[in-house]
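Structural features, examined
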Amino acid sequence: MEASGAQFAVKDRRPDALGALRGLPDELICAILGFLSARDVARLACVSSVMYIFCNEEPLWMSLCLNNTDGLLQYKGSWKKTFIHLQEHIAEGDEDIGSKPLLFDGFSSLFLYRRLYRCYTRLEGFYADDGVVERRNELSLEQFQNEYDGKKPVLITGLADSWPAKKMWTVEQLLSKNGDTAFRISQRSPRKIKMKLKDYVSYINLQHDEDPLYIFDDKFGDAAPTLLKDYHVPHLFNEDFFDVLDRDKRPPFRWLIIGPERSGASWHVDPALTSAWNTLLCGRKRWALYPPGRVPFGVTVHVNEEDGDVNIDTPSSLQWWLDYYPLLPVEDKPIEFTQLPGETIFIPSGWWHCVLNLETTIAVTQNFVNSTNFEFVCLDMAPGYRHKGVCRAGLLALSHENVGVMHEKWCIDQDELNSRKLSPNGKRPRSDEVEDDMRPPKSSHCAAKCCKLWNCELPYEINFLSTFLDEERDHYTSLWSSGNCIGQREIREWLCKLWVEKKGIRDLIWKGACIALNAGKWLECVGKICEFHDLPSPTDDEKLPAGSGSNPVYLIGDSVIKICVEGGLESSLYGLGTELEFYNILQKVCTPLKDHVPHILASGIVYLVNGAYTVVSWDGGGLPEVIVNSGLVTGDSSDYRSHFGAWRRKLFEHRKACTPELQSTSSAVSTTMWPYIITRRCQGKMFAQIRESLSWKDAQILASFLGEQLSHLHRLPLPPFETALLSDLKPNMGWPTAPNTLGLVSNGSCFATEFQAFIRTLAIKKENVIERLTKWEVPIAKNLMETVKEYIPDDLKKFVLLCEGKTCTWIHSDIMDDNVYMEPSTDSASDSSCTDGRVGEGVVKSWKPSYILDFSDLTTGDPLLDLIPIHMDVFRGDVSLLKQLLSSYKLPFFKKEHEQKQATDSKFQRLSYHAMCYCILHDEDVLSAIFSIWEGLRSANSWEEVEEKVWGELNNYNGFS
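Computed from a prediction, not measured in an experiment: that's the story for all the values here.

1. What about the overall build of the chain?
Looking only at helices and strands, the chain features 38 helices and 26 strands. Scored against the burial criterion, the 961 residues of the chain give a buried share of 53%. In the chain, 76% of the contacts between residues at least 6 apart in sequence involve partners at least 24 apart. Accessible surface for the chain amounts to roughly 42,600 Å². Of this, 50% is attributable to carbon and sulfur atoms.

2. Quick word on the packing of helix 30 (residues 769-776) against helix 31 (residues 782-791)
For any two helices packed against each other, the geometry is given by the interaxial angle and the distance between the axes. Taken N-terminus to C-terminus, the directions of helix 30 and helix 31 make an angle of 145°; their axes are 10 Å apart at the nearest point. The handedness of the crossing between helix 30 and helix 31 is right-handed. In this structure, helix 30 contributes Val769, Ile770, Leu773 and Thr774 to the contact, and helix 31 contributes Met785, Val788 and Lys789. Residues of the contact of helix 30 with helix 31, tallied by class, amount to five nonpolar, one polar and one charged.

3. Side note on helix 36 (residues 911-920)
The buried fraction of helix 36 amounts to ten of the ten residues, a majority that puts the element mostly inside the structure. For helix 36, the set of buried residues is Leu911, Ser912, Tyr913, His914, Ala915, Met916, Cys917, Tyr918, Cys919 and Ile920.

4. Let's talk about the nonpolar core
In terms of nonpolar packing, the biggest core is built from 89 residues, with Leu706, Ile930, Trp943 and Trp951 touching the most fellow members. With eight residues, helix 36 is the largest single contributor of residues to this core. For Leu706, the residues in contact, after removing those within four places along its chain, are Ile815, Val820, Ile852, Ile870, Val874, Phe875 and Leu885. Judged by nonpolar contacts, the second largest core, of 69 residues, contains Trp61, Leu73, Trp163 and Trp169.

5. Examining the side chain of Thr121
Checked against the element boundaries, Thr121 lands in the loop between helix 7 (110-119) and strand 2 (135-137). In terms of polar contacts, Thr121 uses its side chain to reach the backbone carbonyl oxygen of Tyr117, at 2.7 Å. When near neighbours in sequence (up to four residues on either side) are disregarded, Thr121 contacts Glu261, Arg262 and Leu322.

6. What to know about the sheet that holds strand 19 (residues 600-609)
In a beta sheet, neighbouring strands pair by backbone hydrogen bonds and run either parallel or antiparallel. Sheet architecture is open: five strands sit in the order 17-18-21-19-20, paired in antiparallel fashion. One side of each edge strand has no neighbouring strand; the edge strands of this open sheet are strand 17 (553-556) and strand 20 (612-617). Strand-to-strand, the axes of this sheet are offset by a mean angle of 25°, without reference to chain direction. Judged from the six bridges that link them, strand 19 and strand 20 form a sheet pairing that is antiparallel. Among the inter-strand pairings, Ile605 is bridged to a residue of strand 20, identified as Val616. Running over the sheet, helix 22 (residues 519-532) touches strand 17, strand 18 (559-563), strand 19, strand 20 and strand 21 (673-680) and is turned about 45° from strand 20. Its contacts with the sheet put helix 23 (residues 569-586) on strand 18, strand 19 and strand 21, and the angle it makes with strand 21 is roughly 30°.

7. Quick notes on helix 34 (residues 879-889)
Buried residues of helix 34: Leu881, Leu882, Leu885, Leu886, Ser888 and Tyr889, and no others. When helix 34 is viewed along its axis, its buried side chains cluster within an angular range of 165° and face the same direction. Lys890 sits one or two positions beyond helix 34 and adopts a positive phi of about 70°.

8. Focus: the pairing of strand 5 (residues 193-196)
Side-chain alternation along strand 5 places Ile193 and Met195 on a buried face and Lys194 and Lys196 on a face that remains uncovered. In the sheet, strand 1 (residues 71-72) pairs with strand 5 via two bridges, with the strands oriented parallel. Along strand 5, the bridge assignment pairs Leu72 with Lys194.

9. Things to note about the side chain of Ser704
Tracing the chain through its elements places Ser704 in helix 28 (residues 696-715). Setting aside chain neighbours within four positions, we find Ser704 in contact with Gln884 and Ser888.

10. Some words on the pairing of strand 4 (residues 182-186)
Most of strand 4 sits out of view: four of its five residues are buried. As judged from the three bridges shared by strand 4 and strand 5, these two strands associate in the antiparallel manner. The residue bridging Ala182 from the neighbouring strand is Lys196, located in strand 5. Summarising the sheet, strand 4 and strand 6 (residues 214-217) pair through two bridges and their orientation is antiparallel.

11. With respect to a positive patch on the surface
Residues Lys192, Lys194, Lys219 and Arg247 make up a contiguous surface patch of positive charge. Mapping Lys192 onto the fold places it in the loop between strand 4 and strand 5.

12. Topic: the sheet that holds strand 4
Strands sit in the order 1-5-4-6-7-16-9-14-3-2 across an open sheet of ten strands; the sheet is mixed. Both edges of this open sheet fall to strand 1 and strand 2, since each of them pairs with a single strand only. Packed onto the sheet, helix 11 (residues 197-206) meets strand 4, strand 5, strand 6 and strand 7 (254-259) and runs at close to 90° relative to strand 5.

13. Quick look at the environment of Gly308
Relative to the helices and strands, Gly308 is located in the loop between strand 11 (300-303) and strand 12 (310-313). In this structure, the C-alpha to C-alpha distance between Gly308 and His387, residues 79 residues apart in sequence, is 9.0 Å. Excluding anything up to four places from it in sequence, Gly308 contacts Val303, Gly384, Tyr385, Lys388 and Ser481.

14. Remarks on the confidence of the model for the chain
Taken residue by residue, the chain gives an average pLDDT of 84. The fraction at 70 or more is 82%. Here residues 898-903 is modelled with pLDDT under 50, and outside its nearest four sequence neighbours on either side it reaches three contacts, counting other chains as well.

15. Some words on unusual backbone geometry
Trans is the common state for peptide bonds, and a negative phi is the common state for residues other than glycine. The phi dihedral of Asp534 is positive, around 55°, even though this residue is not glycine. The topology assignment puts Asp534 in the loop between helix 22 and strand 17.

16. Digging into the packing of aromatic side chains
All chains considered together, the criterion is met by 51 aromatic pairs. Aromatic side chains Trp499 and Trp510 sit 6.2 Å apart centroid to centroid with 55° between the ring planes, which places their arrangement in the tilted category. Taken together, the residues Trp499 in helix 20 (residues 488-501) and Trp510 in helix 21 (residues 506-517) connect sequence positions eleven residues apart. According to the relative accessible area criterion, Trp499 is buried, its value standing at 3%. Looking at Trp510, the relative accessible area reads 17%, which means it is buried. Note on Tyr574 and Phe644: the rings are 4.9 Å apart at their centroids and 70° apart in plane angle, and the pair reads as edge-to-face. Pair noted here: Tyr574 is in helix 23 and Phe644 is in helix 25 (residues 641-644), with a separation of 70 residues, a long-range link. Considered together, Tyr574 and Phe644 belong to a single accessibility category, that of buried residues. The cationic tip of Lys333 hangs over the ring face of Tyr325; the distance from NZ or CZ to the ring centre is 3.9 Å. Above the plane of the ring of Trp522 lies Lys521, whose end atom (NZ or CZ) is 4.2 Å from the centre.

17. Details of the pattern of salt bridges
Where side chains of opposite charge bring their charged atoms close, a pairing between them can arise. Considering all chains together, one arrives at 43 salt bridges under this definition. A salt bridge links Asp129 to Arg135, with the nearest nitrogen and oxygen atoms 2.5 Å apart. Relative accessible area serves as the criterion here: at 31%, Asp129 is assigned to the partly exposed category. Given a relative accessible area of 33%, Arg135 falls into the partly exposed group. Two residues, Arg489 and Asp818, come together in a salt bridge whose shortest N-O distance is 3.3 Å. Placement of Arg489 in helix 20 and of Asp818 in the loop between strand 23 (809-811) and strand 24 (820-824) is noted, with a sequence separation of 329 residues between them. Accessibility expressed as a relative area gives 26% for Arg489, which makes it partly exposed. A relative accessible area of 9% means that Asp818 is categorised as buried. Taken together, the salt bridges that share partners define one network made up of Asp246, Lys249, Glu493 and Lys497.

Here is what the cut-offs are and how they apply
- Residues numbered from 1 in each chain as written.
- Predicted model: local features only at pLDDT ≥ 70, side-chain atom pairs only at ≥ 80, totals over all residues.
- Heavy atoms only, no water.
- Helix = DSSP H or I, 4+ residues; strand = E, 2+ residues; numbered from the N terminus.
- Buried < 20%, exposed > 50% of the residue type's maximum accessible area, 1.4 Å probe, protein only.
- Contact = heavy atoms within 4.5 Å.
- Areas by Shrake-Rupley, 256 points an atom, 1.4 Å probe, with all protein chains shown as cover.
- Axes fitted to C-alpha atoms, helices over the stretch in contact; angles between N-to-C directions.
- Left-handed = near helix turned anticlockwise from the far one by under 90°.
- Nonpolar A, V, L, I, M, F, W, Y, C, P; charged D, E, K, R; others polar.
- Core = buried A, V, L, I, M, F, W, Y, C linked by side-chain atoms within 4.5 Å.
- Polar contact = N/O pair within 3.5 Å; in protein donor to acceptor, adjacent residues only side chain to side chain.
- Pairing = 2+ DSSP bridges.
- Arc of directions from axis to C-beta.
- Patch = residues over 30% accessible without salt bridge, like charges linked within 9 Å, V, L, I, M, F, W, Y side chains within 5 Å.
- Salt bridge = Lys/Arg side-chain N within 4 Å of Asp/Glu carboxyl O.
- Lys, Arg positive; Asp, Glu negative; His and termini not counted.
- Charge placed at Lys NZ, Arg CZ, Asp CG, Glu CD.
- pLDDT = per-residue confidence, 0-100.
- Phe/Tyr/Trp six-rings, centres within 6.5 Å; stacked < 30°, edge-to-face > 60°.
- Lys NZ or Arg CZ within 6 Å of the ring centre and 35° of its normal.

Following this line, the structure appears as structure tokens:
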């Protein structure tokens, strides 16, 4: 009901309207509402007058819109109307339905008032400049490198004078040429939201948001290619080491930025400690900066101890300037300036910065890696978490004990650190001037200690920061943060390409590789292996691990040395043991597969003892004493097959699935002992290196080749099954029994026995499937996440028992683009090959597949599993190539049942159903690959729709019957 205006004291309606929630602060109530669905918010608005007010707040509906929108967004004058339109609950012309709000007296909220005030704040007079950041014109490259690069920010004029963008990038001109172009919107939302430019301009003219949406598009060059012609990278920033990567593999590096008044980027450090330049072409921006390690007031840095993922809690730019900035004493104020049109700001590596648009602005920005910040970028992608915390939060990231060690080691006096204040005027800070309600009590010893650490200048120097690396963590065996700007495989490929293409700075690249990959340790190991087997020592060209695989691999002359580290020592021993067992069987049978698998030259164990590396051979004839003493082996150690062969490995995989929280028993020695294998080097190049240059005919030949070799692999006999291992699957071994998997071998067949560990492992994975998909942040629709367990069968035994003829075979598991080798066809240019069997610089007209590499992930199971990495990674979802592979494979996956027998469980007769379930339960994040290749499936209505799109071709396979 509307306010009556009666002339008497108005009763506070809050206690009665909120009931048991009346003790909660308004900010917390608003935060809780943000976790509800739109339907629940609408229902809660009917509970009471105060809940009606909270549930109709625009920021709440803005959040609901952004969290439930994929694709194009069109603003309808308010966020609640926009949400209703998105749900298609209002027809055109009915926009005024329910638009008149209810008004209530007797309620006030300082929190809501401050937020409303920020929504209508005007910033015309918000200009600031403390003069600390120099303004320079016509700066030479030498001056920039000597005075600013890696040292301090600088504002540079004149760099954009020759750009067409300087005159053409106005709102009006961009709108006339790109009005229907959709650009990405930056906002705190997990969704990838776009708006057409004409809709976005309409939005900025209508909105009164506290933190307005702004265009922040790293793919604007794809959406509007002509914009790339309107500017060029200034000569001061031309050096960019990420240039060696293919466009689709390098991390996001350039952005178009368009934002209205009050919008902007909240406090952050640029990704991977890169440096950046930002050129403003229209409007004014107010900047605030702090040097590395000085966390801004009101900002909290969280670093995950497991994978080093960095998360920053920060208020919006406008809120920080209005609510936090006034509380700072003069000595603690940030460095400030206002950027004007035509000016370019350079931000060095590691600097905190915050930006607020004082009016509608248009800018272009790029991040880059050069000789100055390269080692810092490598440091930020090294495993561990302490160094990441120190780079951003300075000494506040350390415990008291570590701070003391740091002072002693670096001979830094605490008083000296306190006096070296990084503020505009160079004075020491006075933390006691900050209001008590925003900081811990002055009497708190902890608060005083934190204040001193905050005042310390962080020595932003690579040798100092590297001391905080965790020596026990290694690149190849540590978790990789999803927040890293580049993938784990991509950083290995990046460093390899730099090593080849930038020989003049190899000393610098080597330092970075030692930081990121621990390359020095692996080179020392390889040197000992070469010495032991009378192989030539690595040359300068061979110092870095080759390729992007999950283990360090070295190309030494005509040999390939792979050190097995992935998954830790126990996992690596099972991998090498199974691989040796496979090669032993391969040599005893007649199969064409022999001609397409690298020949083994040697294998063994390299381990650290008394500070030096030692090597012992291991070819499968028993176990070296060093492994026996590691504690991984129980019982008779005379035959390695009883310990690290294929069936024992299957048991190990089951144990890992059952107890993922348990660390491997080899963890204590996994950093000092590694198995290795030496194979003969193959001629040609990895498919990953030449993928883009391959003709369609060559791609079809490759598909046929893979089908033939899979057929040979799946025909290869398995080692004798150890029936005694089944006892290890019983609950009395301490492993939980998965639901619906008991009794799998009731028919007593050997075929079912071999499948038992496989099916039980799948059942365990099903129980944890939602947790795993959530952890991986798979970009799928909510309805798919909710129905994933229903889609997978309750009784996974049916995958075997209802499919007559299904056989357990060898599974390669990892046939991807870096494990397939290609060589020039006989009709290619004659100058394309070198005398040493490796491809030279000549032009190759055609390629043919020659080898399948890396059998360290060998396991046993359903042969369908080998199609997953091939279809996703090698074929990238090309159904015609999958069809070509199947035509060469020819083997049936199982026998098709008669119609009468199909009636009850017809889905089990679909090969596509089997393959889709295996994708969902896969050890790797296959679903993210699927939804990356087929983006439209992210909003699929059912798993059956995904199944048909990805794997439907399997149901047409002639080998089925």
